[in-house]
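The residues making up each chain are set out below.
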Amino acid sequence: MTRRTVSFTRHAANVFFHLLTRSNLRCRHCYIDPDQHGHTTLDIDTINHWLTLFADRHPASNLILLGGEPTLHPDLAQAVKSARRLGYASVTIDTNGYLFHDILDRVTPGEVDYFSFSLDGPSPEVNDPLRGEGSYAQCTKGIQEAKRQGFSISLIYTVSRANIDHLHRMPPLLAELGVDRFFIQVIGIRGKWAESEI
């Protein structure tokens, strides 16, 4: 089975849908600014309304569900099922790896093309100062559990001065964890990053 996710080819369409701005972590480079983006968690009726509008506008888009931390949303599984019913070409859930609300048990690999985990270093010593204490262990544990349940995994490495010198150490970890796709993300000058020294 061929799985799709975000694509930046000429004819691809991607819908990056922020369901909420809340997160359980306080990543130093987070681009979410509550003063700018608000504190709203969208209810499922609003989510379904927007999913329908996006699907009507561009059928067969790649849908990426974001936050904050989207697995904090209690209706995330229902949003995934709605997206599938509406004909999205792919559904990806971005996550920091904490996987709230037993999300792995509420969706199937047939419904979610990729769980996309954020990990910013090949070790806790590199990752945790950026994303929070214990986040490396939790993220790698989440990846292992998602793989065990048959989900495809992508990993996003947000590069900064604090971790760029460790990027070359990632390939062995990616192989060990069974990561299917690896993305390197460059930080935009917004959110916490705009005031940061990293």
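As shown above, the structure is provided for reference.
Residues numbered from 1 in each chain as written. Predicted model: local features only at pLDDT ≥ 70, side-chain atom pairs only at ≥ 80, totals over all residues. Heavy atoms only, no water.

## Remarks on the overall build of the chain
Move 1: Of regular secondary structure, the chain possesses 7 helices and 6 strands.
Move 2: Helices and strands in the chain line up, N terminus first, as β-α-α-β-α-β-α-β-α-α-β-α-β.
Move 3: Since a compact globule built from 198 residues should have a radius of gyration of about 16 Å, the 16 Å found for the chain is in line with a globular shape.
Move 4: Projected onto the principal axes, the alpha-carbon positions of the chain cover approximately 45 × 40 × 35 Å. (Helix = DSSP H or I, 4+ residues; strand = E, 2+ residues; numbered from the N terminus. Rg over C-alpha atoms; globule rule 2.2 N^0.38 Å.)

## What about the pattern of salt bridges?
Move 1: Counting across every chain of the model gives 5 salt bridges.
Move 2: Linking Asp 113 and Arg 84 is a salt bridge whose minimum nitrogen-to-oxygen distance equals 2.2 Å. A residue pair is termed long-range when its members are at least 10 positions apart, and Asp 113 in the loop between α4 (103-106) and β4 (114-118) and Arg 84 in helix α3 (residues 76-86) qualify at 29 residues.
Move 3: One salt bridge in this structure joins Glu 145 and Arg 148, with 2.6 Å as the shortest N-O distance. (Salt bridge = Lys/Arg side-chain N within 4 Å of Asp/Glu carboxyl O.)

## Considerations on unusual backbone geometry
Move 1: Between Gly 67 and the following residue, Gly 68, the backbone shows a cis peptide bond with an omega angle of 20°.
Move 2: The phi torsion at His 101 lies on the positive side, around 55°, for a residue other than glycine.
Move 3: Locating His 101 in the fold gives a position in the loop between β3 (90-95) and α4.

## Let's talk about the packing of helix α2 (residues 44-57) against α3
Move 1: In contact at an axis separation of 10 Å, α2 and α3 are set at 25° when each is read in the N-to-C sense. When the axis of α2 is compared with that of α3, the two are roughly parallel. Crossing geometry of α2 relative to α3 is assigned as right-handed. Contacts from Ile 44, Ile 47, Asn 48, Leu 51, Thr 52 and Ala 55 in α2 reach Gln 78, Ala 79, Ser 82, Ala 83 and Leu 86 in α3.
Move 2: Along the lines of polarity and charge, the residues of the contact of α2 with α3 split into 7 nonpolar, 4 polar and no charged. (Axes fitted to C-alpha atoms, helices over the stretch in contact; angles between N-to-C directions. Parallel < 35°, antiparallel > 145°, perpendicular 65-115°, else oblique. Left-handed = near helix turned anticlockwise from the far one by under 90°. Contact = heavy atoms within 4.5 Å. Nonpolar A, V, L, I, M, F, W, Y, C, P; charged D, E, K, R; others polar.)

## Brief notes about the pairing of strand β5 (residues 153-159)
Move 1: Burial analysis of β5 places 7 of its 7 residues in the buried class, which makes it a mostly covered element.
Move 2: Covered by surrounding structure in β5 are Ile 153, Leu 155, Tyr 157 and Val 159 together with Ser 154, Ile 156 and Thr 158, the residues of both alternating faces.
Move 3: Pairing analysis gives 4 bridges linking β4 to β5, with the strands arranged parallel. By the bridge assignment for β5, Ser 118 is matched with Ile 156.
Move 4: Of the pairings in the sheet, the one linking β5 to strand β6 (residues 181-186) comprises 6 bridges and is parallel in character. Counted as the bridge partner of Tyr 157 is Ile 184 from β6. (Buried < 20%, exposed > 50% of the residue type's maximum accessible area, 1.4 Å probe, protein only. Pairing = 2+ DSSP bridges.)

## Structural notes on the packing of aromatic side chains
Move 1: By the definition in use, this model includes 6 aromatic pairs.
Move 2: For the pair Phe 17 and Phe 54, a centre-to-centre distance of 5.7 Å together with 90° between the ring planes defines the contact as edge-to-face. Here Phe 17 is found in strand β1 (residues 14-18), whereas its partner Phe 54 is found in helix α2, with 37 residues between them in sequence.
Move 3: When the ring of Trp 50 is compared with that of Phe 54, the centres are 5.6 Å apart and the planes differ by 35°; the resulting orientation is tilted. With Trp 50 and Phe 54 both in helix α2, this residue pair falls 4 residues apart, about one helical turn. (Phe/Tyr/Trp six-rings, centres within 6.5 Å; stacked < 30°, edge-to-face > 60°.)

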